[in-house]
Amino acid sequence: MQSKFSVQIDSYRKTNKIQNAWSSADFKAMLTLMDFDDADSLDDSELREMCVMSLGDLEPDDGAMIVLTHLFPTLKRGKIEHMAHDMLQDRSWEEYPDCLYHERFFNAYEVLREAYGSKFAKPTGVEMTLTVSAAHAEDLAIFDKSLAPSMVRLLASGLGDDALMHRLYEDQIKGTSFPEASGIVWQLKQTADNGLNRQFSLVGSQFWLASFEHTQSFDGVSHADSAG
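What counts as what
Residues numbered from 1 in each chain as written. Predicted model: local features only at pLDDT ≥ 70, side-chain atom pairs only at ≥ 80, totals over all residues. Heavy atoms only, no water. Helix = DSSP H or I, 4+ residues; strand = E, 2+ residues; numbered from the N terminus. Buried < 20%, exposed > 50% of the residue type's maximum accessible area, 1.4 Å probe, protein only. Contact = heavy atoms within 4.5 Å. Areas by Shrake-Rupley, 256 points an atom, 1.4 Å probe, with all protein chains shown as cover. Lys, Arg positive; Asp, Glu negative; His and termini not counted. Charge placed at Lys NZ, Arg CZ, Asp CG, Glu CD. Pairing = 2+ DSSP bridges. Expected span 1.5 Å × (residues − 1). Phe/Tyr/Trp six-rings, centres within 6.5 Å; stacked < 30°, edge-to-face > 60°. Lys NZ or Arg CZ within 6 Å of the ring centre and 35° of its normal. Core = buried A, V, L, I, M, F, W, Y, C linked by side-chain atoms within 4.5 Å.

1. Some thoughts on the overall build of the protein chain
Part 1: If you tally the helices and strands in the protein chain, you get 11 helices and 5 strands.
Part 2: In terms of its C-alpha atoms, the protein chain occupies a principal-axis envelope of roughly 60 × 35 × 35 Å.
Part 3: Buried residues in the protein chain amount to 48% of all 228 residues.
Part 4: Within the protein chain, residue pairs in contact and separated by at least 24 positions form 68% of the contacts whose partners lie at least 6 positions apart.
Part 5: Only carbon and sulfur atoms are counted for the fraction: they give 46% of the accessible area of the protein chain, which is about 11600 Å².
Part 6: Where the 20 positive side-chain charges of the protein chain centre and where its 36 negative ones centre are 4 Å apart.

Below you can see the structure in the form of C-alpha cells.
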C-alpha cells in the first residue's frame, strides 16, 4: 500500500568527498599492500599523507589496484585489474553496472585524485537534508521498516516518469524488494521525528540526485519493502 507524503528539500550541496570515509586503519592497510613496513610508527595525521605519497610513486593503474584491492577484498585479481584500468577512462562511481559498488568507487576516486590529480575524474556527490511530512504519523513508519528502499522510492516519485531511475529500477520501485536502494542513497539517517514530519540527511551520487538541486518541494508516494 502506497503512503502519501510532502517533501521539503531543506538543503542541497555538491561534494567531492564523504566525511569520515577513510580511517587510519584504511590507510595503514593500503600501505601494507604496498609493502610499507613502518606504518605502525606513523601517527594518524601522517598515515594519509604517506599513503597518498606512496600511491603517487606507482603508475596510476597500479595505484588504483591497491585502493580497489583494499575496498573490494573478495574480488579476484583479474577483476580488480579490469576495474582499475577502467577507472582511468570512466566515472565508475556512476557507470559501473552494480550500483552497490558506487560508494566505494566514489571514495576510491577521492584518494586517487589526491595522489594523481586529473588523471582520475573528480567524483561528484550530493549531501541533502529534507523534511518528509504525512497526514498520519503511522504512514511515516515505513522508514522504520526499510529506510533506504522507502526513501529511494519517495525520491523516485519526485522525478519525471522518464527519469533513468524509473527506467532502470521500475520493478524495484513498484515492487516490495529494493536491495539496490543503498547503492543509490549511500548514507542515510533520520535526524528528527516530530510526529507528522521527520527530517533526514543523506549522501548520494549527483548522477541520481541532480534534479533536486532546483527543487524546493514535491509530493510523492512510497512504501516499505516486504518483511519476507
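Moving on, there is more to tell.
2. Some thoughts on the pairing of strand β5 (residues 217-222)
Part 1: Burial along β5 is one-sided: Phe 218, Gly 220 and Ser 222 are buried, while Ser 217, Asp 219 and Val 221, pointing the other way, are not.
Part 2: Where strand β1 (residues 3-15) meets β5, 6 bridges bridge the pair, whose relative direction is antiparallel. Counterpart to Val 7 in the pairing with β5 is Phe 218.

3. Some thoughts on helix α6 (residues 102-116)
Part 1: Over its 15 residues, α6 runs 20 Å from end to end, which matches the ideal 21 Å to within 8%, given 1.5 Å per residue.
Part 2: A large share of α6 lies buried, amounting to 11 of its 15 residues.

4. Quick notes on the packing of aromatic side chains
Part 1: This structure, assessed with the given rule, holds 15 aromatic pairs.
Part 2: The interplanar angle of 75° and the centroid separation of 4.9 Å between the aromatic rings of Trp 93 and Tyr 109 together place this pair among those described as edge-to-face. Of this pair, Trp 93 sits in helix α5 (residues 92-95) while Tyr 109 sits in helix α6; the two residues are 16 residues apart in sequence, bridging distant segments of the chain.
Part 3: Looking at Trp 93, the relative accessible area reads 0%, which means it is buried.
Part 4: Where Tyr 169 meets Phe 178, the ring centres are 5.9 Å apart and the plane angle is 40°; that geometry is what we call tilted.
Part 5: The exposure class of Tyr 169 is buried, given its relative accessible area of 9%.
Part 6: Using a relative accessible area of 1% as the deciding quantity, one classes Phe 178 as buried.
Part 7: Taken together, the ring pairs in this structure connect Phe 72, Tyr 96, Tyr 101 and Phe 105 into an aromatic cluster.
Part 8: Above the ring of Tyr 101, the side-chain terminus of Arg 104 is found at 5.3 Å from the ring centroid.

5. Remarks on the nonpolar core
Part 1: Of all hydrophobic cores here, the largest spans 37 residues; its most connected members are Leu 55, Val 67, Leu 68, Phe 72, Met 87, Phe 105 and Leu 112.
Part 2: When contributions to this core are tallied by element, the ones reaching two or more residues are α1 (24-33), α2 (44-56), α3 (60-71), α4 (77-87) and α6.
Part 3: Ranked by the residues each element gives to this core, the list is headed by α6, at 8 residues.
Part 4: The contact partners of Val 67, leaving out residues within four places of it in the chain, are Trp 22, Met 30, Leu 55, Ala 108, Val 111 and Leu 112.
Part 5: Core analysis: the second largest hydrophobic core is formed by 36 residues, Met 128, Phe 143, Ala 148 and Ala 181 among them.

6. As for the environment of Ser 24
Part 1: Of note, Ser 24 is situated in helix α1.
Part 2: For Ser 24, a relative accessible area of 24% translates into the label partly exposed.
Part 3: Taking the C-alpha atoms as reference points, Ser 24 and Leu 202, 178 residues apart in sequence, are found 24 Å from one another.
Part 4: Leaving out residues up to four positions away in the same chain, Ser 24 has contacts with Asp 44 and Leu 47.

7. Thoughts on the pairing of strand β2 (residues 125-133)
Part 1: In terms of strand pairing, β1 meets β2 through 9 bridges, oriented antiparallel. Bridge assignment links Val 7 to a residue of β2, and that residue is Val 132.
Part 2: Inspection of the sheet shows β2 paired to strand β4 (residues 197-205) by 9 bridges, in the antiparallel sense. Each bridged residue has a counterpart across the sheet, and for Leu 130 the counterpart in β4 is Phe 200.

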